[in-house]
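What the coordinates show
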Number of protein chains: 2
Amino acid sequence: MRNIKLVLEYDGAAFFGFQRQPGKPTVQEALEKALSAFFDHPVKISAASGRTDTGVHAEGQVVNFRTGSGRELSHIQRGVNAYLPSAIVVKSAVEVPADFHARYSARSKVYEYRVWNSPFRAPLLAGRAYHVPFRLDLAAMRKAARHLSGRHDFRSFTSEAAVLKGRSSRKVSFTRTLRPIRIKKENGLLVFRFEGDGFLYHMVRNIMGTLLEVGRGKRQPSDIPSILKAKSRCFSGQTIPSCGLTLIKVFY
Amino acid sequence: MRNIKLVLEYDGAAFFGFQRQPGKPTVQEALEKALSAFFDHPVKISAASGRTDTGVHAEGQVVNFRTGSGRELSHIQRGVNAYLPSAIVVKSAVEVPADFHARYSARSKVYEYRVWNSPFRAPLLAGRAYHVPFRLDLAAMRKAARHLSGRHDFRSFTSEAAVLKGRSSRKVSFTRTLRPIRIKKENGLLVFRFEGDGFLYHMVRNIMGTLLEVGRGKRQPSDIPSILKAKSRCFSGQTIPSCGLTLIKVFY
């Protein structure tokens, strides 16, 4: 059996998230259907980020799957793209060692969250950036962001459901390591770049919601350490919309 | 009466072009409706590029209109934006001299045409760039583009209907002056920047169609002078889709 790794781009607005759900179009369903049609045998994939929400985009989602087929990689890429809906594309297909697993082999992931910060909306960024019409104190946001880099228990920044689910299984850890969050400003567009060894459910969106509250002056940068310490979702900010979020790259 | 100039951004996919048409949503209709509702009197606008097609986007379309209202400019901008559909926004509102006319006062306009050049589609550029899956000879395209800058009769690059319409009115000129066409390449994305004192109907799309045929080797850069000389639509390339086209800026 060959182990094949695909890198995918997709428009999250076209799907109800990544993971299969009965009766709803998802990335996993579209991809497994296309792969199974191309190879003429059932294909199951594993994904680097298999739990991404409805609306989250990807420039570099990674999946792998096994097949006995000897088809050339370039034919696989071209053929699977022909079976996929236009909102997904296979950007590359390579053969990887048998023990490669898109999720468990990942060393780190990069997400970007885009904020359009202007009193007025930007129609050409609709669905690709979250519109924040309020003045933001970027210096305070950068200060707050510095408290989040490094190794922390990020339980305060995931959903309560994820924590409850974790409690039933002793092995679950909420500790993750984040690199310094990079914030780029190009006119009204703010791009927040997160790189870490892993991300909890809703983690980027909850961190972003909290940073935006700091930017609006509703919280202080110095509040972040106590939010982390609290280990409770009650202490962090809002979950902001998924449209501004893109999975950029997975490192192995 | 005050003369007010607005700069607009809009997503062309949401409208059947700029100009009013019975029974179809157009930018002009949406804008005049919003202005009339805000001012509580009928408002008619003049636009810098009032004939742009269905699907053409704008980052900097300019219109002007007259009103007797004394409302502050910042209130006008905010209020009109509240009445507009989300696919349009007023980016700025300023008061201009009585003789300012969005179309006739324009000195030059800038359009950009975006091409995604890769064997595979880019879902995150869908509706914002035209996908060309063939290998393009960029050097040949640049050479061809150089023949188009300067003052020329561009009749070969407008629609036959526009030429026929022009014939019935003696005053119509097909002569325009183009600055050197700038071509930028960022990975697979090619951005063609056109600046000129005016553009004929379909001119950018027909020039782009011709340049792409040069890029594919179907025409030579040296064919351009004879296409210009022919003064007939039969000699130029295909009209390529409007989704890649954006009106960037109007200079006065």
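Just so it is clear, the model here is predicted, and its values are computed rather than measured.

Rules and cut-offs
Residues numbered from 1 in each chain as written. Chains lettered and ligands numbered in written order. Predicted model: local features only at pLDDT ≥ 70, side-chain atom pairs only at ≥ 80, totals over all residues. Helix = DSSP H or I, 4+ residues; strand = E, 2+ residues; numbered from the N terminus. Rg over C-alpha atoms; globule rule 2.2 N^0.38 Å. Buried ≥ 20, exposed ≤ 12 C-beta atoms within 10 Å, placed from the backbone. Contact = placed C-beta atoms within 7 Å. Core = buried A, V, L, I, M, F, W, Y, C linked by C-beta atoms within 7 Å. Arc of directions from axis to C-beta. Least-squares fit on C-alpha atoms with pLDDT ≥ 70 in both. Axes fitted to C-alpha atoms, helices over the stretch in contact; angles between N-to-C directions. Parallel < 35°, antiparallel > 145°, perpendicular 65-115°, else oblique. Left-handed = near helix turned anticlockwise from the far one by under 90°. Domains from an automatic or database assignment. Nonpolar A, V, L, I, M, F, W, Y, C, P; charged D, E, K, R; others polar.

1. Observations regarding the overall build of chain A
Per the secondary structure count, chain A includes six helices and 11 strands. The C-alpha radius of gyration of chain A comes to 19 Å, within 12% of the 18 Å expected for a compact globule of 252 residues. Sorting the 252 residues of chain A into buried and exposed places 38% on the buried side. Within chain A, contacts between residues separated by at least 24 positions form 74% of all contacts whose residues are at least 6 apart in sequence.

2. Things to note about the nonpolar core
In this structure, Leu8 and Val204 of chain A together with Leu8 and Val204 of chain B are the most contacted members of the largest nonpolar core, which totals 129 residues. Those residues in contact with valine 204 of chain B, other than ones at most four positions away along the chain, are Tyr111, Tyr113, Phe194, Phe199 and Leu245 of chain B.

3. What to know about helix H3 (residues 138-146) of chain A
All names here are of chain A. Regarding H3, the residues found buried are Met141, Ala144 and Ala145. Mapping the buried residues of H3 onto a view down its axis gives an arc of 100°, with all of them on the same face. Buried residues along H3 sit in contact with strand E9 (182-186), helix H5 (203-215) and helix H6 (224-230).

4. Structural notes on the environment of valine 191 of chain B
All names here are of chain B. One can find valine 191 in strand E10 (residues 189-196). Residue classification places valine 191 among the partly exposed residues on the basis of 16 C-beta atoms within 10 Å. Linking valine 191 and glutamate 72, residues 119 residues apart in sequence, is a C-alpha distance of 38 Å. Non-local contacts of valine 191, meaning those with residues more than four positions away in its chain, are made with Glu112, Arg114 and Lys184.

5. Some words on the relation of the copies chain B and chain A
When chain B is fitted to chain A, the residual RMSD is 0.0 Å, and the transformation amounts to a turn of 180° plus an axial shift of 0.0 Å. A rotation of that kind, with that shift, is consistent with a two-fold axis. Nearest to the rotation axis, the C-alpha of leucine 125 of chain B is located 5.6 Å from it, this being the minimum over chain B. Interface overlap between copies: 100% of the residues of chain B at the interface are likewise at the interface in chain A, consistent with a symmetric, same-surface contact.

6. Remarks on the packing of helix H3 (residues 138-146) of chain B against helix H5 (residues 203-215) of chain B
Residues and elements named next belong to chain B. At a minimum axis separation of 8 Å, H3 and H5 run at an interaxial angle of 140°. With respect to H5, the axis of H3 lies oblique. The handedness of the crossing between H3 and H5 comes out as right-handed. Contacts from Leu138, Ala140, Met141, Ala144 and Ala145 of H3 reach H5 at Leu211, Val214 and Gly215.

7. Comments concerning the domain arrangement of chain A
All names here are of chain A. Looking at the assigned domains, one finds that chain A contains domain 1 (2-96) and domain 2 (108-251). For domain 1 and domain 2, the distance between their C-alpha centres works out to 27 Å. Its residues assigned to classes, the side of domain 1 that touches domain 2 shows five nonpolar, eight polar and three charged.

8. Thoughts on helix H2 (residues 73-83) of chain B
Residue and element names in this part refer to chain B. For H2, the full list of buried residues reads Ile76, Gln77 and Val80. Summarising the axial view, the buried residues of H2 lie within an arc of 95°, below the 170-degree limit, and thus occupy one face. Those residues of H2 that are exposed and aimed more than 90 degrees away from the buried face are Ser74, His75 and Ala82. Buried residues in H2 make contact with strand E1 (2-10), helix H1 (27-39) and strand E4 (88-96).

9. Quick look at the packing of H1 of chain B against H2 of chain B
Residue and element names in this part refer to chain B. Where H1 contacts H2, the two axes come as close as 8 Å, and the packing angle between them is 120°. Here H1 is positioned oblique relative to H2, judged by the angle of their axes. For the pair H1 and H2, the crossing hand works out as right-handed. Residues Ala34, Leu35, Ala37 and Phe38 of H1 form the contact with H2, whose own contacting residues are Gly79, Val80 and Tyr83. Class assignment for the residues of the contact of H1 with H2 results in six nonpolar, one polar and no charged.

10. Here we look at the environment of valine 163 of chain B
For valine 163 of chain B, the location among the structural elements is in helix H4 (residues 160-168). The sequence separation of valine 163 of chain B and tyrosine 201 of chain B amounts to 38 residues, and the corresponding C-alpha distance is 9.5 Å.

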